[in-house]
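The lines below spell out each chain.
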Amino acid sequence: MNEWNIQKRTRRRKQTAVFLPIFFIASVISGLALGAVVISPQEIWSIMLGNSESIGETILLNVRIPRLILAALAGACLAASGAILQGVMQNPLADPSIIGVTAGGGLAASLAMVAIPQIGYLLPVLAFVGAFITAVVIYVFAWDKGASPLKIILAGVAINAMLGALQSGIMILYSDRVQSVLPWLAGGFQGKGWFHVEFVWPFALVGLLLACFAIRPINLLLIGDETARILGTQVEFVRLSLILLAALLAGAAVSVAGLVGFVGLVVPHMIRLLIGEDYRLLLPFSMIGGAALVMITDTVARTAFDPIELPVGILLACLGAPFFLFLLKRKGGLM
C-alpha cells in the first residue's frame, strides 16, 4: 500500500471515528423524542431528572427507553456476530442469517408460538437456545479432521434450508395461528418492554465483552490457518469458539428482535469499505454502527407510517439494500 493510500485510509478512519458516535447519539435522541407523542429535548431532560409528571414520562420510561435499549443491543449483537463470522470464514457472505443461526432461533420461537402457545413466556429463552444449538450442529456436520470455513458455510446453508422447510411446514400445519408468527418473522420491537431488556442484557453484554477479546484471534486467522498455527494459535479451537460466540450474539438478538436480517451482513461491510480489515477498529465500529442503524430504523418504522407500524426487518431490507449496493458500486467490490 503506497503512502497516498495509507493517508487516505487514515483520513477515513478518523472521519468514521467522528461520524459514528454522532450518528449513534442522533439515533438515541430521535428515538426518545419522536413518535405519536413528540417529546421535546427539554422535556426529556426534565423526565430524566425526575422533574416531570406528564404523559411523556410514562411513554418515555415504559415504552421508548426499553425499546431503544433493545434496538441498540440487538443491532450491536447482530453486527458483531456478522463481523466475527466474516472474519472467521474469510467470506463476505458469512452472516448469522445466511448460515442458519438465526433460522434456528426463529424455528424454536415459531414452534413455541403456534404449537405450544402455553409456554409463550419462554419465547426469548427458546429462541436463544435454538440459535445456539444450530451453531453447534453446523460445526459438527462440517467437522472432518478439522472444519474449514468452506465446509462450515456449506453445512450452514444446508441446515438453513432444512430449518426454513420445517418452519414452512409448521406454518402450514398451524395455519389458523400463523398471524402470531408473522410479526416475529418480519422482525421488530413492537410490544417489547423492560421484561425483554432484563432477559437479554446479560447475554448481550457478555457476548459483546467477549467479542473484544476475539479481535486478536480473528486478525491471526485472516493471515491464514498455517501462519496462525506457526504463531501458536490453536486454529480449530479458536474457530469453534468464535462461531459459538457469534451464535451467542445472534441468539441474544433474535430472542427479542425476531428475524431481523441484513444488519450482520451489511454493517461490517460498510465499515470494512471505509476503514479496512483491521478488527481492532472494524469490530467496535461495527457494534456502534449496528446499534445506531437499528435504533434509527426502528424510530422510522414506528413513526413514518403512523398509525401503522412497519416491521423493522422489512424497512431495513428496503432502505439498506439499495444503499449497500450503491456503496459497493462506488467502492468497486466487496473486499
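All values reported here derive from a predicted model rather than from experimental measurement. (Residues numbered from 1 in each chain as written. Predicted model: local features only at pLDDT ≥ 70, side-chain atom pairs only at ≥ 80, totals over all residues. Heavy atoms only, no water.)

Visitor: I'd like a description of a nonpolar patch on the surface, backed by residues and values.
Guide: Taken together, the side chains of Leu122, Val125, Val129 and Ile133 present a nonpolar region at the surface, about 280 Å² in accessible area. Following the sequence through the fold, Val129 ends up in helix H5 (residues 123-142). (Patch = residues over 30% accessible without salt bridge, like charges linked within 9 Å, V, L, I, M, F, W, Y side chains within 5 Å. Areas by Shrake-Rupley, 256 points an atom, 1.4 Å probe, with all protein chains shown as cover. Salt bridge = Lys/Arg side-chain N within 4 Å of Asp/Glu carboxyl O. Helix = DSSP H or I, 4+ residues; strand = E, 2+ residues; numbered from the N terminus.)

Visitor: I'd like a description of the pattern of salt bridges, backed by residues and values.
Guide: Evaluated as defined, the whole model comprises 6 salt bridges. One salt bridge in this structure joins Arg67 and Glu309, with 2.3 Å as the shortest N-O distance. In this pair, Arg67 sits in helix H3 (residues 55-89) while Glu309 sits in the loop between helix H13 (279-303) and helix H14 (312-331), placing the two residues 242 residues apart along the sequence. Residue classification places Glu309 among the partly exposed residues on the basis of a relative accessible area of 24%. A salt bridge links Arg280 to Asp278, with the shortest nitrogen-to-oxygen separation between them at 2.6 Å. On the basis of relative accessibility, which here comes to 58%, the residue Arg280 falls in the exposed class. Residue Asp278 is classed as buried on the basis of its relative accessible area of 16%. (Buried < 20%, exposed > 50% of the residue type's maximum accessible area, 1.4 Å probe, protein only.)

Visitor: Can you break down helix H9 (residues 215-222) residue by residue, with the values?
Guide: The complete set of buried residues in H9 reads Ile215, Ile218, Leu220 and Leu221. The secondary structure elements touched by the buried residues of H9 are H3, helix H8 (194-213), helix H10 (225-230), helix H11 (235-257) and H13. Directly after H9, the chain includes Gly224, whose backbone phi takes a positive value near 115°. (Contact = heavy atoms within 4.5 Å.)

Visitor: Tell me about the nonpolar core, residues and numbers included.
Guide: Within the largest apolar cluster, 98 residues are counted, with the highest numbers of intra-cluster contacts made by Ile84, Met89, Phe189, Leu242, Ile243, Val263 and Leu283. Examining the composition of this core, we find that 18 residues originate from one element, H3, more than from any other. Setting aside chain neighbours within four positions, we find Phe189 in contact with Arg67, Leu70, Ala71, Ala74, Val256, Ala257, Val294, Asp298 and Val312. (Core = buried A, V, L, I, M, F, W, Y, C linked by side-chain atoms within 4.5 Å.)

Visitor: I'd like a description of the layout of surface pockets, backed by residues and values.
Guide: As a volume, the second largest pocket reaches approximately 270 Å³. The wall of the second largest pocket is formed by 17 residues, among which Pro183, Gly188, Phe189, Gln190 and Lys192 lie closest to the centre. In terms of residue class, the lining of the second largest pocket is built from 7 nonpolar, 6 polar and 4 charged. (1 Å grid on protein atoms, 1.4 Å probe; cavity = no way out; pocket = protein on both sides within 12 Å on 5 of 7 lines; lining within 4 Å. Points joined across faces, edges and corners; volume = space filled by probe spheres on them. Nonpolar A, V, L, I, M, F, W, Y, C, P; charged D, E, K, R; others polar.)

Visitor: Go over empty space enclosed by the protein with me, naming the residues and quoting the values.
Guide: All told, the structure shown has 1 cavity of 30 Å³ or more when counted by the stated rule. Roughly 30 Å³ of internal volume is contained in the largest cavity. Forming the boundary of the largest cavity are Gly31, Arg64, Arg67, Leu68, Asp298, Thr299 and Arg302. Counting residues per element, the ones that place at least two in the lining of the largest cavity are H3 and H13.

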